[in-house]
Amino acid sequence: SPQDAAMITIPDDDEPLVILDDEAVLSPAMQEYLRASGITNPATWAAFRLDQAGDAVMERLLRPSQSHGRTGIWLPTFDPRDPVTIVGLIRLTPAQHHHRFVTAPMGLAGDPALAHERRIILCDSPIQAMRLHQRGVIGVAVVDDPAVLPPLLDWLRDRDLVVAGFRETNRARIIAALGPL
């Protein structure tokens, strides 16, 4: 697991390299995609639990007709009231630069520690959220589909909310889903 990873730096290349004890969580191609997208810190990869949804989670969340193959990068989502339990999966598809839920839209993606934060930054893009996290911003959450927000309104009500996104339409959809908050 990423928690067991050892960090090393190659002298002629200052990029950190992750060596995992048993198996690679992210393939070298997916690691290269993240690095090319400006997400170079393996601690961010681990915090967002990239590709850490095990077979039991895949069986529980995916329909039988869906492929359980590990194409792209799998980003788990969680209900911040129970951040340990994975409730949904977003797949990042590097070849098309797309991301979408492959399960029913449910939960936020991000560092589970955001469950304890007072300020929450709701991002419409996983890449944007990981870039912010990597730069030390806390409380960053991915809202890949605004439909995930209404069930979380009670939890969100007591927090300071910031909406961040590349597209005005996505930001407007997130704000609309927050309703009276």
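Thresholds, definitions, all that
- Residues numbered from 1 in each chain as written.
- Predicted model: local features only at pLDDT ≥ 70, side-chain atom pairs only at ≥ 80, totals over all residues.
- Heavy atoms only, no water.
- Helix = DSSP H or I, 4+ residues; strand = E, 2+ residues; numbered from the N terminus.
- Buried < 20%, exposed > 50% of the residue type's maximum accessible area, 1.4 Å probe, protein only.
- Areas by Shrake-Rupley, 256 points an atom, 1.4 Å probe, with all protein chains shown as cover.
- Arc of directions from axis to C-beta.
- Contact = heavy atoms within 4.5 Å.
- Pairing = 2+ DSSP bridges.
- Axes fitted to C-alpha atoms, helices over the stretch in contact; angles between N-to-C directions.
- pLDDT = per-residue confidence, 0-100.
- Salt bridge = Lys/Arg side-chain N within 4 Å of Asp/Glu carboxyl O.
- Core = buried A, V, L, I, M, F, W, Y, C linked by side-chain atoms within 4.5 Å.
- Polar contact = N/O pair within 3.5 Å; in protein donor to acceptor, adjacent residues only side chain to side chain.

**Let's talk about the overall build of the chain**
Thought 1: Each helix and strand in the chain was counted, giving 6 helices and 9 strands.
Thought 2: Going through the 181 residues of the chain one by one, you find that 46% of them count as buried.
Thought 3: Here the chain displays about 9,400 Å² of accessible surface, and carbon together with sulfur accounts for 54% of that area.

**Observations concerning helix H6 (residues 168-177)**
Thought 1: Inspection of H6 places Asn170, Ile174 and Ala177 among the buried residues, and these make up the whole buried set. Projected onto a plane normal to the axis of H6, the buried residues spread over an arc of 65° and lie on a single side. For H6, the exposed residues set more than 90 degrees away from the buried face come down to Glu168, Thr169 and Ala176.
Thought 2: With its phi angle positive at about 55°, Gly179 sits one or two positions after the end of H6.

**Concerning the environment of Leu178**
Thought 1: Secondary-structure assignment places Leu178 in the segment after H6.
Thought 2: Judged by its relative accessible area of 6%, Leu178 falls in the buried class.
Thought 3: Residues in contact with Leu178, not counting those within four places in the same chain, are Leu122, Leu149, Leu153, Leu156, Leu161 and Val163.

**Some details on helix H1 (residues 28-36)**
Thought 1: Within H1, the full set of buried residues consists of Met30, Gln31, Tyr33, Leu34 and Arg35.
Thought 2: Just beyond H1, the residue with positive phi is Gly38, at close to 90°.

**Quick look at the sheet that holds strand E3 (residues 73-79)**
Thought 1: Spatially, E3-E4-E5 is the arrangement adopted by the 3 strands of the open sheet, whose pairing is antiparallel. The sheet is open, and its two edges are formed by E3 and strand E5 (98-101), each paired on a single side. Averaged over all neighbouring strand pairs, the angle between strand axes comes to 40°, with direction disregarded.
Thought 2: As defined by bridge partners, E3 adjoins strand E4 (residues 82-93) across 7 bridges and the pair is classed as antiparallel.

**Quick look at the confidence of the model for the chain**
Thought 1: A residue-level look at the chain finds 83% of positions with pLDDT of 70 or above and a mean pLDDT of 84.
Thought 2: Every residue in residues 1-24 is under pLDDT 50, and counting partners more than four places away or in other chains gives 32 contacts.

**Description of the environment of Trp74**
Thought 1: Along the chain, Trp74 falls in strand E3.
Thought 2: Between the C-alpha atoms of Trp74 and Asp51, which are 23 residues apart in sequence, the distance is 4.7 Å.

**Considering the pattern of salt bridges**
Thought 1: Going through the model one piece at a time under the given rule, you end up with 4 salt bridges.
Thought 2: Two residues, Arg81 and Asp79, come together in a salt bridge whose shortest N-O distance is 2.8 Å.
Thought 3: The salt bridge involving Glu168 is made with Arg171; its shortest N-O contact spans 2.5 Å. A residue pair is termed a helical-turn pair when its members lie 3 or 4 positions apart in one helix, as Glu168 and Arg171 do in helix H6 at 3 residues.
Thought 4: Residue classification places Arg171 among the partly exposed positions, given a relative accessible area of 22%.

**Notes on the nonpolar core**
Thought 1: In this structure, Leu34, Leu50, Leu108 and Leu149 are the most contacted members of the largest nonpolar core, which totals 39 residues.
Thought 2: Apart from residues no more than four positions distant in its own chain, Leu108 is found in contact with Pro76, Thr77, Phe78, Pro80, Leu114, Ala141, Val142, Val143, Val148, Leu149, Leu152 and Trp155.
Thought 3: Counting residues in each nonpolar core, the second largest holds 9 residues, with Met58, Leu62, Trp74 and Leu89 among its members.

**Digging into the side chain of Ser125**
Thought 1: Here Ser125 is to be found in the loop between strand E7 (119-123) and helix H4 (126-134).
Thought 2: You can call Ser125 buried: its relative accessible area is 7%.
Thought 3: Only 3.3 Å separates the side chain of Ser125 from the backbone nitrogen of Gln128, close enough to count as a polar contact.
Thought 4: Beyond its immediate chain neighbours, meaning those up to four positions away, Ser125 contacts His99, Val142 and Phe166.

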